[in-house]
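Chain residues, written in single-letter form:
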Amino acid sequence: MKTETPGYKIRILLLSALILSPGHLISQTKTITLRECYENAVSSSPVADKTILLEEIVQLTDKNIKSLWYPGNELNGSIMYNTSVADLSSITGSLMPAGLSLPVMPHDQYRITLNISQTLYDGGEIKNRRATEQIAGSYRLKERDAELYTIRNEVNTLFFALLQTRKEQELATINLE
């Protein structure tokens with residue numbers, strides 16, 4: 001599978017505009033600045049969406065780690081059915097006084113438990129996790145900045161190549177006249 005570089009679409013757009021209408025580009029009155037090219041390239045790249053997502057991920061991760069200080073609860077339940085149960089009346093039948101008998105153990109049993117826990121002291125673990133996640137988040141943002149730099153570098157290369165081509169075309173038309 002072929003992977004696309006960040007400036008792949010930008011390169012195709014600029015080169016197709018250059019190839020399809022070189023005379024039109026020279027006579028065109030609207031100028032595009034390098035800054036506009038940067039802004040268009042960044043806004044049309046997937047890196048722009050990545051910025052918002054990365055910031056949200058950092059905030060949500062921090063919120064989840066902070067929630068470790070909150071009380072936690074856990075509800076468990078189980079049902080068991082025993083096909084055979086011990087009958088103690090046959091063993092203790094002669095030992096029991098008249099009129100008294102042991103209750104018969106039921107075949108089905110139900111159990112529900114509720115566990116509540118609260119972190120009182122964690123030895124700095126939560127604080128360290130938050131710091132680690134903040135560093136990881138800033139690292140991801142730096143990776144995004146590197147991708148933006150790559151896009152800007154592609155725009156620079158194409159922009160100045162286009163300017164050079166325009167100047168060469170102007171010189172060629174001047175020499176032909």
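Structure first, text after, so check above.
Everything in this summary refers to the structure shown in the same document. Because the structure is a prediction, the values reported are computed rather than measured.

1. Section: the overall build of the protein
Then step 1. Along its length, the protein carries six helices and two strands.
Then step 2. Its helices and strands in sequence order give the protein the pattern α-α-α-α-β-α-β-α, from N to C terminus.
Then step 3. Residues classed as buried in the protein amount to 15% of the 177 residues present.
Then step 4. Sequence separation of 24 or more characterises 89% of the internal contacts of the protein that already satisfy a separation of 6 or more.
Then step 5. Surface exposure of the protein reaches about 14200 Å², of which carbon and sulfur atoms provide 60%.

2. Some details on the nonpolar core
Then step 1. Judged by nonpolar contacts, Cys37, Tyr38, Ala41, Val47, Leu148, Ile151, Val155 and Phe159 together constitute the single largest core of eight residues.
Then step 2. For this core, the elements supplying multiple residues, two or more each, are helix H3 (34-44) and helix H6 (125-176).
Then step 3. Among the elements that make up this core, the one with the highest residue count is H6 (four residues).
Then step 4. Residues within four places of Tyr38 in sequence aside, it is in contact with Arg152, Val155 and Asn156.

3. Examining H3
Then step 1. Regarding H3, the residues found buried are Cys37, Tyr38 and Ala41. Buried residues of H3, seen end-on, are gathered within an arc of 100 degrees and therefore sit on one face of the element. Residues of H3 that are exposed and point more than 90 degrees away from the buried face comprise Arg35, Asn40, Ser43 and Ser44.

4. Re the packing of aromatic side chains
Then step 1. In total, this model carries one aromatic pair according to the counting rule given.
Then step 2. Against the face of Tyr38 rests Arg152, its NZ or CZ located 3.9 Å from the ring centre.

5. Examining the pattern of salt bridges
Then step 1. Applying the stated criterion across every chain, the model contains five salt bridges.
Then step 2. Across the pair Glu170 and Lys167 runs a salt bridge, and its minimum N-O distance is 3.7 Å. Of this pair, Glu170 and Lys167 both sit in helix H6, three residues apart, roughly one helical turn.
Then step 3. We classify Glu170 as partly exposed; its relative accessible area is 30%.
Then step 4. Look at the salt bridges and you will find they share partners, linking Asp62, Lys66 and Arg130 into a network.

Procedures and definitions
- Residues numbered from 1 in each chain as written.
- Predicted model: local features only at pLDDT ≥ 70, side-chain atom pairs only at ≥ 80, totals over all residues.
- Heavy atoms only, no water.
- Helix = DSSP H or I, 4+ residues; strand = E, 2+ residues; numbered from the N terminus.
- Buried < 20%, exposed > 50% of the residue type's maximum accessible area, 1.4 Å probe, protein only.
- Contact = heavy atoms within 4.5 Å.
- Areas by Shrake-Rupley, 256 points an atom, 1.4 Å probe, with all protein chains shown as cover.
- Core = buried A, V, L, I, M, F, W, Y, C linked by side-chain atoms within 4.5 Å.
- Arc of directions from axis to C-beta.
- Phe/Tyr/Trp six-rings, centres within 6.5 Å; stacked < 30°, edge-to-face > 60°.
- Lys NZ or Arg CZ within 6 Å of the ring centre and 35° of its normal.
- Salt bridge = Lys/Arg side-chain N within 4 Å of Asp/Glu carboxyl O.

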